[in-house]
Amino acid sequence: MSLQDEWRKRDRKVLWHPFTQHRLWEREEFPVIEHGQGVYLYDLDGNKYLDGISSLWVSAHGHNHPVLNRAIADQLSRVAHSTFLGLSHQPGIELAEELLKIAPQGLTRVFYAENGASAVEIALKMAFQYWQNRGEKKRKKFICFSNGYHGDTIGAMSLGGVELFNQVYQPLLFEVLRAPLPRCYKCPKGRGDCEEDKWQCLAKLKTLAEEHSQELAGIIIEPMVQAAGGMIVQPKGYLKAVEMLCRQHKILFIADEVAVGLGRLGKNIACELGFVQPDLLVLGKALGAGYLPIAAVLATEEIFSAFLGRHHQDQTFFHGHTYTANPLACSVALAGLELMKKEKRLENVNARARQIEQWIPKFNQLPSVFHFSRLGLLAGIELMKDREKYEEFMPDEMVGFQVARSARKRGAILRPLGNAIVLMPPLTISEKELDLLLRITWESIQEVLEELG
Ligand SMILES: *Cc1c(COP(=O)(O)O)cnc(C)c1O
């Protein structure tokens with residue numbers, strides 16, 4: 001029994017993993033990670049894996065980055081935690097200043113959270129209470145989108161539109177208004193941009209907004225790409241149309257950039273790509289750079305000022321978490337933002353994005369590659385059993401997981417979303433490393449397709 005086998009055994013005895021079917025986990029040869037360096041992770045037996053998903057979309061600057069390590073160590077020698085209730089601290093103040101520098105115009109206030117889901121809850125509560133405080137008490141509803149994902153707490157799940165994740169909890173969730181988002185490539189008229197689908201979806205959204213105009217608090221959307229829904233890239237102009245609708249009906253425009261913000265799409269803020277200015281902007285995942293959990297909600301002065309009152313009970317935003325604005329987390333997030341500039345992350349993302357583009361024809365040659373979506377340094381390769389007949393792989397074929405397993409043997413960590421293979425490597429990935437990741441991904445898909453016949 002290897003060292004790793006022993007630890008696997010101990011894991012299987014005591015642990016319950018997220019999003020995991022433990023019947024399968026029993027048989028899974030999962031790596032037990034011992035350390036990381038750059039884009040690589042190393043397991044207890046010394047195997048090396050290219051981290052193709054940035055440890056679930058967070059490790060933007062790679063693992064074990066000396067500058068980030070130092071940022072934490074420096075803060076650690078001062079103070080590890082001090083509450084934001086009644087006190088303040090420099091890393092929290094500085095991080096807010098830096099976030100507002102890169103944020104779209106109009107955002108002037110930063111509220112911290114510890115993860116994406118709670119940040120989404122905060123944005124929801126802010127939007128709701130904004131209208132309550134202004135005396136527009138009927139505005140309680142939210143429009144959200146099919147296939148959207150905003151986290152796993154009850155409020156965030158209520159907004160979420162990934163059926164697989166939500167179905168069982170449906171009775172617990174609050175009511176929302178759900179609009180379709182175009183999936184142009186799935187339009188029966190053929191792949192590529194299908195204008196018809198785009199306009200139909202937009203028309204439905206418009207009708208929904210008009211019908212509920214007086215009771216709407218906000219619209220929440222993942223700008224440019226629905227990530228957990230399967231890396232679904234929105235058609236050009238769609239985000240702008242959603243924003244215009246919000247302005248027309250005076251609804252708050254909430255952008256959840258937990259997955260796509262902070263460089264992933266080649267811009268600091270994904271809303272820049274859609275030329276929109278949200279009223280509330282949610283950041284997470286890459287903000288903590290894979291070091292410590294931190295997220296943030298950025299709000300406009302208009303929203304903030306609706307919470308100003310005469311005493312503690314008056315108009316106040318009653319929300320906080322014990323570790324809100326943890327100084328260690330703020331320090332590492334701040335150092336991450338500095339690295340973005342200093343190490344020219346966006347330039348690398350845009351160069352690597354072009355590199356991915358060149359691989360698309362090669363992937364499309366594989367008979368079950370239905371659609372290759374990508375934007376910036378993010379890609380989703382959707383597999384389908386028969387792409388001409390729109391025949392999906394069955395859940396028990398576990399095609400995504402098999403590809404990930406095959407990739408692991410070849411030295412890369414992938415984590416699929418259903419039948420879509422996701423590529424979200426660290427923003428630091430080099431040309432050579434990305435070629436390796438794409439090659440491993442291609443070979444793994446090919447191998448699994450051959451096995452499935
Ligand atoms: C991951 C994600 C969340 C939830 O973030 P957690 O930190 O996992 O709670 C929310 N919104 C989007 C768009 C996400 O991708």
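Residues numbered from 1 in each chain as written. Predicted model: local features only at pLDDT ≥ 70, side-chain atom pairs only at ≥ 80, totals over all residues. Heavy atoms only, no water.

## Comments concerning the domain arrangement of the protein chain
Quick note on the threshold: Boundary definitions for the domains trace back to an automatic or database domain assignment. Residues are treated as being in contact if the distance between any of their heavy atoms lies within 4.5 Å. As used here, buried area is the combined drop in accessible area, with a 1.4 Å probe, of two parts when they are placed together. By salt bridge we mean one thing: a side-chain nitrogen of Lys or Arg within 4 Å of a carboxyl oxygen of Asp or Glu. Any pair of N or O atoms that falls within 3.5 Å is considered a polar contact. Within protein, one atom must be able to donate a hydrogen and the other to accept it, and sequence-neighbouring residues count only if both atoms are side-chain atoms. Every helix listed is a DSSP run of H or I at least four residues long, and every strand listed is a run of E at least two residues long, numbered separately from the N terminus. Polar here means any residue other than Ala, Val, Leu, Ile, Met, Phe, Trp, Tyr, Cys and Pro, which are nonpolar, and Asp, Glu, Lys and Arg, which are charged; Gly is therefore polar.
On domain assignment, one finds that the protein chain holds domain 1 (31-61 + 344-452) and domain 2 (69-342). For domain 1 and domain 2, the distance between their C-alpha centres works out to 26 Å. Counting from both sides, the interface comprises 33 residues of domain 1 and, opposite them, 32 residues of domain 2. Summing both partners gives a buried area of about 2,600 Å² for domain 1 against domain 2, and 64% of it is carried by carbon and sulfur. Among the residues of domain 1 in contact with domain 2, W57, H61 and L375 are the three that bury the most area, contributing 22% of the side total. Linking domain 1 with domain 2 are zero salt bridges. Inspection of the domain 1/domain 2 interface yields ten residue pairs in polar contact (both at pLDDT 80 or more). Of all elements in the fold, only α3 (54-57), α14 (345-364), β13 (369-374), β14 (379-383) and β16 (420-423) reach the threshold of two or more residues within the side of domain 1 that touches domain 2. Its residues placed into classes, the side of domain 1 that touches domain 2 shows 19 nonpolar, eight polar and six charged.

## Remarks on the site of the ligand
Keep this limit in mind: Any residue with a non-hydrogen atom lying within 4 Å of a molecule or strand is treated as near it. In this description, accessible areas are obtained by the Shrake-Rupley approach with a 1.4 Å probe, and a residue is regarded as covered only by the protein chains that are shown.
Around the ligand, the surrounding shell consists of W57, N115, G116, A117, Y149, H150, G151, E222, D256, V258, A259 and K285. D256 has a polar side-chain atom sitting 2.7 Å from a nitrogen atom of the ligand. One of the side-chain nitrogen or oxygen atoms of K285 is found 2.7 Å away from an oxygen atom of the ligand. Contact with the protein chains hides 83% of the accessible area of the ligand, taken as 380 Å² for the molecule alone. When grouped by side-chain class, the residues that make up the shell around the ligand number five nonpolar, four polar and three charged.

## Structural notes on the side chain of E243
Along the chain, E243 falls in helix α10 (residues 238-249). Among the polar contacts listed, one links the side chain of E243 to the side chain of K240, at a separation of 2.9 Å. If we ignore the near neighbours within four places in the chain, the residues touching E243 are F253, F275, V276 and Q277.

## A look at helix α6 (residues 116-133)
Here is the rule: Expected helix span is taken as 1.5 Å per residue step, with the number of steps being one fewer than the number of residues. Only protein chains enter the calculation, and the probe is 1.4 Å; a residue is then buried if its accessible area is under 20% of its type maximum, exposed if over 50%, and partly exposed in between.
End to end, α6 covers 25 Å across 18 residues, agreeing with the expected 26 Å (1.5 Å per residue, within 8%). For α6, the tally of buried residues reaches 16 of 18 residues, placing the bulk of the element in the interior. For α6, the capping residue at the N-terminal end is N115, with a side-chain oxygen 3.2 Å from the backbone nitrogen of A117. Looking one or two places after α6, you find G135, whose phi comes out positive at around 85°.

## Some thoughts on a nonpolar patch on the surface
Condition: Each patch is built from salt-bridge-free residues with over 30% relative accessible area, joining like charges within 9 Å and nonpolar side chains (Val, Leu, Ile, Met, Phe, Trp, Tyr) within 5 Å.
On the surface, I154, V168, Y169 and L172 cluster together into a nonpolar patch covering about 400 Å² of accessible area. Mapped onto the elements of the fold, L172 is located in the loop between α8 (163-166) and β6 (177-179).

## Observations regarding the packing of aromatic side chains
Counted only if it meets this: Only Phe, Tyr and Trp rings take part, Trp by its six-membered ring, and two of them pair if their centres are within 6.5 Å. Stacked means planes under 30 degrees apart, edge-to-face means over 60, and tilted covers everything else. Two thresholds decide whether a charge sits over a ring: the Lys NZ or Arg CZ must be within 6 Å of the ring centre and within 35 degrees of the ring normal.
If you walk through the whole model with that rule in mind, you get ten aromatic pairs. Their ring planes at 85° and their centres at 5.8 Å tell us that Y149 and F165 sit as a pair that is edge-to-face. One end of the pair, Y149, is in the loop between β5 (141-145) and α7 (154-159); the other, F165, is in helix α8, with 16 residues separating them in the sequence. By relative accessible area, F165 is classed as buried at 19%. Centroid distance W359 to F363: 6.0 Å. Interplanar angle 45°. Geometry classified as tilted. Placement of the pair is W359 and F363 together in helix α14, with a separation of four residues, close to one helical turn. For W359, a relative accessible area of 13% gives the class buried. For F363, a relative accessible area of 0% translates into the label buried. Aromatic rings pair up to connect F19, Y149 and F165 into one cluster. K48 extends its terminal NZ or CZ atom over the ring of Y40, reaching a point 4.3 Å from the ring centre. For the cation-ring pair, K125 lies above F317, with the distance from its terminal atom to the ring centre recorded as 5.9 Å.

## Quick word on the sheet that holds β6
For the record, the criterion: In this scheme, strands are said to pair when DSSP sees at least two bridges between them. Axes here refer to lines fitted to C-alpha atoms; in helices the fit is confined to the stretch in contact. Angles between the N-to-C directions go from 0 to 180 degrees.
Read from one edge to the other, the open sheet built from seven strands follows the order β4-β12-β11-β10-β7-β5-β6, with strand pairing classed as mixed. With one partner strand each, in any of the chains shown, β4 (107-113) and β6 form the two edges of the open sheet. Averaged over all neighbouring strand pairs, the angle between strand axes comes to 20°, with direction disregarded. Of the strand pairs in this sheet, β4 and strand β12 (residues 295-300) are connected by six bridges, and their pairing is antiparallel. Looking across to β12, one finds that A113 is bridged to A295.

## Notes on helix α1 (residues 3-14)
Convention followed: Note that the arc is defined by the directions from the helix axis to the C-beta atoms.
An ideal rise of 1.5 Å per residue puts 16 Å on twelve residues; α1 measures up with 17 Å between its terminal C-alpha atoms. Taken together, the buried positions of α1 are occupied by Q4, R8 and D11. An end-on view of α1 places all buried positions within 60° of arc, on one side of the element. Of the residues in α1, the exposed ones pointing more than 90 degrees away from the buried face are K9, R10, K13 and V14. Elements in contact with the buried residues of α1: α2 (22-25) and β2 (40-43).

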